[in-house]
Amino acid sequence: MSAAKVKMREKKMRNQPASVQYPSSQGSGQEGGDTPSTGATGGDGPSDIHRSTDRQKKHHHRSGWVRGHQRDGGSYDKEMPKYITGGAFAKARAAEVSAMLKAVTKTTGSSHVFGALPKHMRRRAMSHNTKRLPRRLRDVANRLREKSLQAGSKKKKEQAKCKSRKARRRHGNLLLEFNRRQRKNVWLETHIWHAKRFHMVKKWGYCLGDRPTYKCYRPSYRAMSTHCLLQDLSYYCCIELQGEEDKLLASLSQLTSKEAGPTFAAVLCTSGKRQGSVVVYRAGLYPSQPLGPVTFLWRPRTQGSTHRQLWIWAHPTNKQDLLAELQSVCQCTEAIVPPLVPAATTAETGPTPEPETRPEKTPEATRLPGTKRKRNCKDAGEPPAKKILGDGTRSPTCPVTWRSNSTGIVINDLTMEIVRYRLIGPQSHSVLAETFEAATDCDERNKSQTSSLWWPEHCKDESKMNLHRQQADVFHILKDIYSTGELPAGTVLGLAVDDPRLTLPTKKVKALPSVKQTQEVDEAEEEKRRELMLRGVPEHCCQSSLWDQSVRDNVTNNKMSEQSVFLAICVLQELNRMKSEVLVPGSRLSSTPPQGRVPVLLVHQPGKQVGHEMSSWGAGWDLLLPKGWGMAFWVPLVYRGVRIGGLNMSLKHSQNKGIPHFPHDYPDCPAGVCFEEEQEAELLNKFKRRPPAKRTNYIKHGCLAPFRCPWQQLAEEWELIAMQTTTRTDTLTEEETTSRPDDGVAKPQSRFTVLRNRKSLRLLSDWCRPTTSKGQRRCRVGQAPPLDSSAARQFLAEHGTSVVWVRLSLPSKGKPELHAAVCVPVAEDLRLLNKKLDGGGPQEPLHKNHFKSRIKRKKKGAKKAATSSDKTDGKESDLPNLTTSTENPKSSSESSADLIFGLWPDPLPSVTSHCSRVTLGWVTQGDFSLSAGCGEALGFVSVAGLLNTLLDQPAEHRGVVLLRNPASLQYRLAKINIEV
Amino acid sequence: MVRVKSRYLLCEVNVSDRSRLLLLDDRAVATAVRAAVARTHGDYGSALCTIGFSVKYLNAHTGIVFLRFPKRSYKLLWSALPFITSVESRGQKIPCSLNCLHVGGTIRTCQKFLIRYNTQQLHLMLPQCKNEGKEEKQQVRKAILNCSLPGGNKEAFEDELEIEEDEEE
């Protein structure tokens, strides 16, 4: 019988009288104990009896006799009496009677009130209304109920509800509440739309949609590869630089290096025709200390002016670093606080006191309700609370503009000033073409009179209108293009469009391309189309009014009917009313209201450029809008049948495209380091939530760091190994003198770097390819120096402590996971590859968990053992020269305070030689790639390790490595690709 | 409801020497009953005796025994009880006989009967106590009072119950 059953039974038998007898051990000494023989005496019944007697004996030993007798005063001795008196007999009888009485009056079973009631008399409502209970049980039930009520009130405090739901949902109050809630994490303009449909995460100071609540992993992928996926990327920060072109370029050149590819000064980009992307480094420190990737866009030149404007788009995690760096290189130290900044919001905040004097962060967010109500009564037309546009968390006193006295460069922080949507997929241009209509001309009468709106003013300028017509032409041609990927990467197109809400379809429709008339299209059209596809948008068409701060503010403030931007519902109602006046619903309005023109900028995003399959997969357009217009464009886009993706999908997008994703794949950037720490904490938490028996035992799997990648240690260890091997060969070839000093120079360089040097990457990429696989690559290999030890040594002298970003594809089975180890195959593994490709790879032998005993010891609460040197010795296998370096018995015993079962405690042993195959690096992203149809992983490997491996491998098997997931012992063969 | 039905026999152990009653043991009683059944009814009887037979309660002071028999065969087993002449317990043979006072379908009815029976017995005892002077009489009276005042007892039980409830929470 289990313990629980015994307990139940004890509870049940609580009131039943136990047998009253003298314990046999104290009798005249017949047999030792009675318990061992009880089982033999019979079936179920007797043993129960004996249990009860045992129980009683326990009582007996403690305090004397059975309950009844105890009450009488316990006058019996433990010894058996010699004689019996009548009085004692009477007492025994009385005790028995009382015991029986107790047994009879008390019900068996649970003592709960309802348990006392037969089943057929129980009613559910009795627990609420005790009067439904029989009277004899009412008192007890009342007492129980009070007790439970008290306990409940103790736990949850009564929430003070000051306002009714109706009051809370009133528009002004709702806005106040919204503003309060985004004091810490900024909301994007599409936040409420997303919050209804997405799992939201608070990241980087924003509330962002991570993934939809509905299942759409594959549909989203399909949308990316056949139709269109929409993302809100407004959280990307824009930094504007203005100044003379040469000065700007001179300052910016410190941040980048030509070795890592085109810089800010690339000719195509400076013309404003293309968007460029670079990895920015701290000023003058090129190979070390990168900040992160940015994309940038130059404003096209205006005639006769060298004054240029540049937008740099950065991820929010590295924006602050970048801004500081930009300020230092441009010598922009003079902050400009003045009215330029809150220009968009001052109109409404006028009556309230100056922002400087207020302690709150945003004037709108925390306006006192009293004052607001007053304003409400005073002016019904004015909105009660202002919706936050732009960055809500920034304090109004915080400067956003910096000017340099010496160079005249102005840096402007445009965070949240521009809405950025990303459309991914071959049909994204069709979606855009269907959603937008190039802005229509103004009426003649509007042209004559001056207007506060930007469009009528714009219309007056004939040259601008000419430009607009040309842009509209280009946009029309765009419709005829088959796929977005056909356009040159990074093309920019400026445009002014009508308010897309005016053409909102009544039902969701799927935007489809209109390619059918390609045959009957005339030659000129065809020619234009080809021109567009080959050369991209002509330079002058890249101009847009979106670059002008004044136009942006004008558009934002004059969004549709009133200044009230948030009242989108009202706007839509108004639009509907206007539509209903038109005869056919949904048809174009004859005259659009003058406010409904918005300058937008379309930026083409390149698709997959690496690898052989699915080239230009995932190409798309970025749509830049002035702030405040987010929802006005979002909903019409959604109504064109696009899928919406979150952060999760953008990760998958870059993974499928085979490009590194920020900040996941930038372990050398501060943001990447920060991200890795966060990820480790998160994974560790998740791991610890499982009971120890259900956790993966990573020690046994030989996985040293399943939740993070010790890149630094890896790079250092490989450098050491490489040095040893080179010296070994050098003794033979006596080239020591040339290479050793270089190594000595490279050594003090403490931090590992990610290799981004184009030339070196190209070289490595050539070396990685098996030389005999395909003929056409032969010629390229011929250009590069062939891989031999001297070339490798030269390479290593430059990039000894670097890691390189690689793409690994698994030709056969296997789905790589996060932090899977990339290992070097031994010779027999390659033989295995020769025999059959689809077979599973080699297996890692199971490791021994030397920490088990230590954890046990810790559990017992015994003192920490001072010595544990023998625990860690047996681990090291292959490279004996490394074993001594990292092992330190003392430190390992110190760390045993935070031992977690199944995880290697902190000072890790040699990461490279821990397993039977030598580790080269780890995977930072890995999944089954839907675009390639096999497992694909992205990760980093040590350059030194890679070169060493390549040198050892036969030519036809160059670039073959093994992959092993952290929770598995199975190695899988994979192919390394390095793309430039 | 479907359940295993049994009969509970409330028996009194009659002994010539009352002090030897204290030697009694529930296992001893059970073996004695089994032996008697085997003697009178043979293998069939002892087989019947193995299932559902148990000594539920034994009070060595008063010599009260609850025997449980399966309802199907309790009459047969009951018929063997008069043949018990002695109980072997703790190495001593106690000459005794079992006198069945009550047959009940549940322990509860037996307990109820026992309460009634015991009070009755105490009342019978009271007038007989005269030779030993006041002391014994006093004790018997006290005992009667103790068991005939269920109200007082009940309160005590309630207190106990509450304590136990608190412990459970």
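Not measured: the values here are computed from a predicted model. (Residues numbered from 1 in each chain as written. Chains lettered and ligands numbered in written order. Predicted model: local features only at pLDDT ≥ 70, side-chain atom pairs only at ≥ 80, totals over all residues. Heavy atoms only, no water.)

1. Quick notes on the overall build of chain B
At step 1: Looking only at helices and strands, one finds five helices and five strands in chain B.
At step 2: For chain B, the succession of helices and strands along the chain, N to C, is β-α-β-β-α-β-β-α-α-α.
At step 3: In chain B, which comprises 169 residues, the proportion classed as buried is 47%.
At step 4: For chain B, the proportion of contacts with a sequence separation of at least 24, taken over those separated by at least 6, is 67%.
At step 5: Total accessible area computed for chain B in this model is approximately 8,900 Å², and 53% of it derives from carbon and sulfur atoms. (Helix = DSSP H or I, 4+ residues; strand = E, 2+ residues; numbered from the N terminus. Buried < 20%, exposed > 50% of the residue type's maximum accessible area, 1.4 Å probe, protein only. Contact = heavy atoms within 4.5 Å. Areas by Shrake-Rupley, 256 points an atom, 1.4 Å probe, with all protein chains shown as cover.)

2. Here we look at a positive patch on the surface
Residues and elements named next belong to chain A.
At step 1: A cluster of like positive charges, contributed by Arg 165, Arg 168, Arg 169, Arg 181, Lys 196 and Lys 202, occupies part of the molecular surface.
At step 2: At three residues, the largest contribution of residues to the positive patch is made by helix H7 (residues 165–169).
At step 3: Mapped onto the elements, Arg 168 comes out in helix H7.
At step 4: We classify Arg 168 as partly exposed; its relative accessible area is 39%. (Patch = residues over 30% accessible without salt bridge, like charges linked within 9 Å, V, L, I, M, F, W, Y side chains within 5 Å. Salt bridge = Lys/Arg side-chain N within 4 Å of Asp/Glu carboxyl O. Lys, Arg positive; Asp, Glu negative; His and termini not counted. Charge placed at Lys NZ, Arg CZ, Asp CG, Glu CD.)

3. Structural notes on the pairing of strand S2 (residues 54–59) of chain B
Residues and elements named next belong to chain B.
At step 1: Most of S2 sits out of view: six of its six residues are buried.
At step 2: With five bridges connecting them, S2 and strand S3 (residues 64–70) associate as antiparallel partners. Residue pairing for S3: Tyr 57 is matched across the bridge by Phe 66.
At step 3: Here S2 folds back onto S3 in antiparallel fashion, the turn holding four residues, of which Gly 63 has a positive phi close to 75 degrees. (Pairing = 2+ DSSP bridges.)

4. Section: the packing of helix H10 (residues 217–226) of chain A against helix H24 (residues 647–657) of chain A
Residues and elements named next belong to chain A.
At step 1: The interhelical angle for the contact between H10 and H24, taken along N-to-C directions, is 55 degrees, at an axis separation of 11 Å. In terms of orientation, H10 lies oblique with respect to H24. Of the two elements, H10 crosses H24, and the hand of that crossing is right-handed. Seen from H10, the contacting residues are Tyr 217, Ser 220, Tyr 221 and Met 224; seen from H24, they are Met 649, Lys 652, His 653 and Asn 656. (Axes fitted to C-alpha atoms, helices over the stretch in contact; angles between N-to-C directions. Parallel < 35°, antiparallel > 145°, perpendicular 65-115°, else oblique. Left-handed = near helix turned anticlockwise from the far one by under 90°.)

5. A look at the pairing of strand S12 (residues 418–424) of chain A
All names here are of chain A.
At step 1: S12 sits mainly inside the fold: seven of its seven residues count as buried.
At step 2: Residues Ile 418, Arg 420, Arg 422 and Ile 424 point to one face of S12 and Val 419, Tyr 421 and Leu 423 to the other, with burial holding for every one of them.
At step 3: Pairing analysis gives seven bridges linking S12 to strand S15 (residues 620–626), with the strands arranged antiparallel. Across the sheet, the residue bridging to Ile 424 is Gly 620, located in S15.

6. Brief notes about the nonpolar core
Residues and elements named next belong to chain A.
At step 1: Membership of the largest hydrophobic core comes to 64 residues, with the highest contact counts inside it found for Leu 764, Val 804, Leu 808, Leu 946, Leu 963 and Ile 978.
At step 2: With six residues, helix H26 (residues 711–733) is the single largest residue contributor to this core.
At step 3: Among residues more than four places away in sequence, those in contact with Leu 963 are Leu 808, Leu 810, Pro 816, Ala 820, Ala 821, Val 822, Val 923, Ala 937, Gln 970, Tyr 971, Arg 972 and Ala 974.
At step 4: Among the nonpolar cores identified, the runner-up in size contains 59 residues, and Trp 311, Ala 433, Val 474 and Val 598 belong to it. (Core = buried A, V, L, I, M, F, W, Y, C linked by side-chain atoms within 4.5 Å.)

7. Some details on the sheet that holds strand S5 (residues 92–104) of chain B
Residues and elements named next belong to chain B.
At step 1: What the five strands build is an open sheet, ordered S2-S3-S1-S5-S4; its pairing is antiparallel. Across the chains shown, the open sheet's two edge strands, defined by having one partner strand only, are S2 and strand S4 (86–89). Direction aside, the axes of adjacent strands within the sheet are offset by 35 degrees on average.
At step 2: Here helix H1 (residues 26–50) sits on the sheet and contacts S2, S3, S4 and S5; the angle it forms with S4, its principal contact strand, is near 125 degrees.

8. A short note on the packing of helix H5 (residues 86–105) of chain A against helix H3 (residues 107–128) of chain B
At step 1: Direction vectors running N to C along H5 of chain A and H3 of chain B enclose 150 degrees, while the axes themselves pass 9 Å from each other. Relative to H3 of chain B, the element H5 of chain A is oriented roughly antiparallel. Crossing of H5 of chain A against H3 of chain B: the hand is left-handed. When H5 of chain A is examined against H3 of chain B, the residues Gly 86, Phe 89, Ala 90, Arg 93, Ala 94, Glu 96, Val 97, Met 100, Leu 101, Ala 103 and Val 104 of chain A are found in contact with a partner set consisting of Arg 108, Gln 111, Lys 112, Leu 114, Ile 115, Tyr 117, Asn 118, Thr 119, Gln 121, Leu 122 and Met 125 of chain B.
At step 2: Class assignment for the residues of the contact of H5 of chain A with H3 of chain B results in 13 nonpolar, five polar and four charged. (Nonpolar A, V, L, I, M, F, W, Y, C, P; charged D, E, K, R; others polar.)

9. Remarks on the packing of aromatic side chains
Residues and elements named next belong to chain A.
At step 1: Under the defined criterion, the tally for this structure stands at 22 aromatic pairs over all chains.
At step 2: With a centroid separation of 4.7 Å and an interplanar angle of 50 degrees, the aromatic rings of Phe 264 and Phe 296 are classed as tilted. Highlighted residues: Phe 264 in the loop between helix H11 (245–252) and helix H12 (267–270) and Phe 296 in strand S7 (residues 290–298), separated in sequence by 32 residues. Summarising the burial analysis for this pair, Phe 264 and Phe 296 share the class buried.
At step 3: Relative to Tyr 666, the ring of Phe 662 has its centre 5.3 Å away and its plane inclined at 55 degrees; by these criteria the two rings are tilted. Each of the two residues, Phe 662 as well as Tyr 666, counts as buried.
At step 4: Each residue in the set Trp 204, Tyr 206, Tyr 235 and Tyr 236 is aromatic and connected to the rest through ring pairs, giving one cluster. (Phe/Tyr/Trp six-rings, centres within 6.5 Å; stacked < 30°, edge-to-face > 60°.)

10. Observations regarding H24 of chain A
Residue and element names in this part refer to chain A.
At step 1: Most of H24 is tucked away: 10 of the 11 residues are buried.
At step 2: Within the sequence span of H24, burial applies to Leu 647, Met 649, Ser 650, Leu 651, Lys 652, His 653, Ser 654, Gln 655, Asn 656 and Lys 657.
At step 3: Just beyond H24, the residue with positive phi is Gly 658, at close to 75 degrees.

11. Section: the sheet that holds strand S1 (residues 186–187) of chain A
All names here are of chain A.
At step 1: Strand order in this open sheet of three strands is S1-S3-S2, and the pairing throughout is mixed. One side of each edge strand has no neighbouring strand; the edge strands of this open sheet are S1 and strand S2 (198–203).
At step 2: As judged from the two bridges shared by S1 and strand S3 (residues 206–212), these two strands associate in the parallel manner. Bridging across to S3, Val 186 finds its partner in Tyr 206.
At step 3: Taken strand by strand, H24 contacts S2 and S3, and its axis lies near 70 degrees from that of S3.

12. A look at H3 of chain B
At step 1: Taking 1.5 Å per residue, 22 residues should reach 32 Å; H3 of chain B reaches 31 Å between its end C-alpha atoms and fits that length.
At step 2: Among the residues making up H3 of chain B, those that are buried are Ile 107, Cys 110, Gln 111, Phe 113, Leu 114, Ile 115, Tyr 117, Asn 118, Thr 119, Leu 122, Met 125 and Leu 126 of chain B. (Expected span 1.5 Å × (residues − 1).)

13. A look at the confidence of the model for chain B
At step 1: Looking at chain B, the pLDDT average stands at 79 and 82% of residues meet or exceed 70.
At step 2: The low-confidence segment residues 151–169 of chain B (pLDDT under 50) makes 22 contacts with residues lying over four places distant or belonging to another chain. (pLDDT = per-residue confidence, 0-100.)

14. A look at the pattern of salt bridges
All names here are of chain A.
At step 1: For the coordinates displayed, the defined rule picks out 18 salt bridges over all chains.
At step 2: Between Lys 627 and Glu 417 there is a salt bridge, and its shortest N-O distance comes to 3.2 Å. Note that Lys 627 is positioned in the loop between S15 and helix H23 (630–638) and Glu 417 in the loop between strand S11 (410–413) and S12, a separation of 210 residues in sequence.
At step 3: What makes Lys 627 buried here is its relative accessible area of 5%.
At step 4: Classification of Glu 417 by relative accessible area gives buried; the value is 12%.
At step 5: Between Lys 815 and Asp 927 there is a salt bridge whose closest N-O contact spans 4.0 Å. Taken together, the residues span a long stretch of sequence, with Lys 815 in the loop between strand S18 (802–809) and strand S19 (821–823) and Asp 927 in strand S20 (residues 919–929) at a distance of 112 residues.
At step 6: Each of Glu 245, Arg 301 and Arg 308 takes part in a single network of salt bridges with overlapping partners.

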